[in-house]
Amino acid sequence: MRECTSILKSLAFLSLLVVLGSVAIAVGQASSESIHEVDVRIDRIVSGLLPAAIINGQPLPTMTLAERMKYYQVPGVSIAFFDHGQVAWARGYGFGNVNTKKAVTPGTLFQAASVSKSVTALAALRLVQQGKLNLDEYVNRKLTSWKVPDNEFTKNEKVTLRRLLSHTAGLTVFGFAGYRQGEALPTTIQILNGEKPANSEAVRVNREPGKEFRYSGGGYVAVQLLLIDVTGKSFPVLMNDLVLEPLGMTHSTFDEPLPKGLWPNAAQPYDASGRALQSGWNIYPEMAPAGLWTTPSDLAQFAIEIEKAYLGRSKILSSALAHQMLTYQSKEVYGFGVSLGERGHAVRFGHSGANGGYRCAFEAYPEIDQGLVVMTNSDGGLPLTLEIQRAVAQEYGWPDGRAEEHTLAKIDPQTLRAYTGVYLFGGLFKFTITELNGKLYVQYPVFGDKPQELYAESDTRFFMTSEPVVIDFQREAGGSIKKAKVRNGSEHLEGEKISEAPE
């Protein structure tokens, strides 16, 4: 299914090969730093990547970008940092194609995956601003080529654009696998109905709309069709008209498949073991939730515009709508197309993305007018993007996003077996907890293929150093463990043990 390449040998000398892309020095306030000062900052960042947690009393780990790219089997990384409305600097590291030794540059294209949702949300809000859509109107009134099927869950509450954008519409289908090049591609309606050649289930309401948050890529396919029906344009064209062209995102496209003329600029995808995907990148006709091709510098333009709108400086989106976009729409930390920071902390928005062979993330702080975009061409790239984000947060003194500090506690190793089992958090995410040689481990696909050690902070609280994850186990009166709570950064989920033995 996938072919092995020479990536392991190539990554072995990444420490000797750091490919620098072009530099964009910002104007205005951000241009007060000289090129030399910017380079010094970048050197500190790429030589000082940070884990999710630091253990008090232990030396701070020294992690370089080249070492961590090798560790995570990530061939290429592209980074853009923005400051006061400008891309202050952008760099590419490693390879977009290992076999041909094609270097990553700031102009290399990557799949943005679920970050596509953020850009789609801006397009939808622009149509709200133009009076063509209403956030709280029943979407079936504007959908003409397909309707959200009504059932017992929609008797009292309806699917609205607000709920679609905030994942509270009660719709199914978490995400999409994409299609190999050469495979038949479904239409948007076929995807929504789960009809061949679609490889996903039908998108249907199976929870009362507005009741709770549940991540739904399927809901964003409904948004895709809604925007098509309202504008009468194809999705790539309407996205170009509403977002990409106005923001100067000239290296971005929602065209699926990717036009062949852009292939030479696209990074090739790799799996978490460092093997090139045999069939190349996947195609995502689910364009709204997963179909954007872009660069970090282009995505920075998007985030900059949201920051401007939040501060009342945007020419394309009102401050009122931007504030709604960055307002918690449920108990979870999610607004319209973006994840948000913890309540009571500095305003922070962003999103991560995971398509086959690509991982990326962006985050932005409107009140300090800065942010970051990191894109990689590997299934192992997400933890690397987070390590880079923490190093940038440390370098620029961001109010959040830095490594957390924890203190180790001594507990009886004999008690650890009570914590083992399979836990389901938020009704979706399965964590497998195991014990080996007096240590506790957690395994979850997003954390990688290998079990990650859990460190005790108390007899019921454990944390990871590789991810910003803290698990609080809840001990029953008889001493057994049946429930737990997990915090992943700013996200909090309740869970329960569904199996005593690992599956």
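Preceding this section is the structure that the text describes.
Report on the accompanying structure. (Residues numbered from 1 in each chain as written. Predicted model: local features only at pLDDT ≥ 70, side-chain atom pairs only at ≥ 80, totals over all residues. Heavy atoms only, no water.)

## What to know about the packing of aromatic side chains
Thought 1: Under the criterion given, the structure shown has 25 aromatic pairs.
Thought 2: Taking 6.4 Å as the distance between ring centres and 20° as the angle between the ring planes, the aromatic pair formed by Phe 81 and Trp 398 counts as stacked. Of this pair, Phe 81 sits in strand β2 (residues 76–83) while Trp 398 sits in the loop between α12 (381–396) and β11 (404–406), and the two are 317 residues apart along the sequence.
Thought 3: Judged by relative accessible area, which is 1%, Phe 81 ranks as buried.
Thought 4: Of the residues examined, Trp 398 reaches a relative accessible area of 0% and is grouped as buried.
Thought 5: On the numbers, 5.2 Å between centres and 75° between planes, the contact of Trp 281 with Trp 293 is edge-to-face. (Phe/Tyr/Trp six-rings, centres within 6.5 Å; stacked < 30°, edge-to-face > 60°. Helix = DSSP H or I, 4+ residues; strand = E, 2+ residues; numbered from the N terminus. Buried < 20%, exposed > 50% of the residue type's maximum accessible area, 1.4 Å probe, protein only.)

## Some details on the pairing of strand β15 (residues 452–456)
Thought 1: Burial along β15 is one-sided: the residues Gln 452, Leu 454 and Ala 456 are buried and none of Glu 453 and Tyr 455 is.
Thought 2: In this structure, strand β14 (residues 439–443) lies alongside β15, joined through 3 bridges in antiparallel fashion. Note that in β15 the partner of Leu 440 across the bridge is Leu 454.
Thought 3: Where β15 and strand β16 (residues 461–463) come together, 2 bridges link them in antiparallel fashion. Note that in β16 the partner of Ala 456 across the bridge is Phe 462.
Thought 4: Linking two consecutive strands that pair antiparallel, namely β15 and β16, is a turn of 4 residues. (Pairing = 2+ DSSP bridges.)

## Examining unusual backbone geometry
Thought 1: Residue Pro 197 is bonded to the preceding Lys 196 through a cis peptide linkage, with omega at 10°.
Thought 2: Among the structural elements, Pro 197 can be located in the loop between α6 (188–193) and α7 (217–231).
Thought 3: Omega for the peptide link from Glu 256 to Pro 257 comes to 0°, which places this bond in the cis form.
Thought 4: Here Pro 257 lies in the loop between α8 (235–244) and α9 (287–290).
Thought 5: The phi dihedral of Lys 101 falls on the positive side, at around 60°, and the residue is not glycine.
Thought 6: Structurally, Lys 101 can be placed in the loop between β3 (86–97) and β4 (102–103).
Thought 7: Accessibility expressed as a relative area gives 38% for Lys 101, which makes it partly exposed.

## Focus on the pairing of strand β12 (residues 421–425)
Thought 1: Among the 5 residues that make up β12, 4 are buried, leaving the element largely enclosed by the rest of the structure.
Thought 2: Two elements, β12 and strand β13 (residues 429–436), share 5 bridges in a ladder whose sense is antiparallel. Residue pairing in the sheet places Tyr 423 in a bridge with Phe 431 of β13.
Thought 3: Here β12 folds back onto β13, and the loop between the two strands holds 3 residues, one of which, Gly 426, carries a positive phi near 60°.
Thought 4: Sheet analysis places β12 next to strand β19 (residues 491–499), joined by 4 bridges and oriented antiparallel.

## Overview of the pattern of salt bridges
Thought 1: Going through the model one piece at a time under the given rule, you end up with 19 salt bridges.
Thought 2: In this structure, Asp 241 engages Lys 233 in a salt bridge whose closest nitrogen and oxygen atoms are separated by 2.8 Å.
Thought 3: Bridged by salt links that share partners, the residues Glu 33, Arg 41, Arg 44 and Glu 395 form one connected network. (Salt bridge = Lys/Arg side-chain N within 4 Å of Asp/Glu carboxyl O.)

## Structural notes on α8
Thought 1: Counting buried positions along α8 yields 7 of 10 residues, so the element is predominantly enclosed.
Thought 2: Those residues of α8 that fall on the buried side of the exposure criterion are Phe 235, Pro 236, Leu 238, Met 239, Leu 242, Val 243 and Leu 244. Looking down the long axis of α8, one finds its buried residues gathered within 160° of arc, a one-sided arrangement.
Thought 3: Packing partners of the buried residues in α8 comprise α4 (115–129), α7 and α9. (Arc of directions from axis to C-beta. Contact = heavy atoms within 4.5 Å.)

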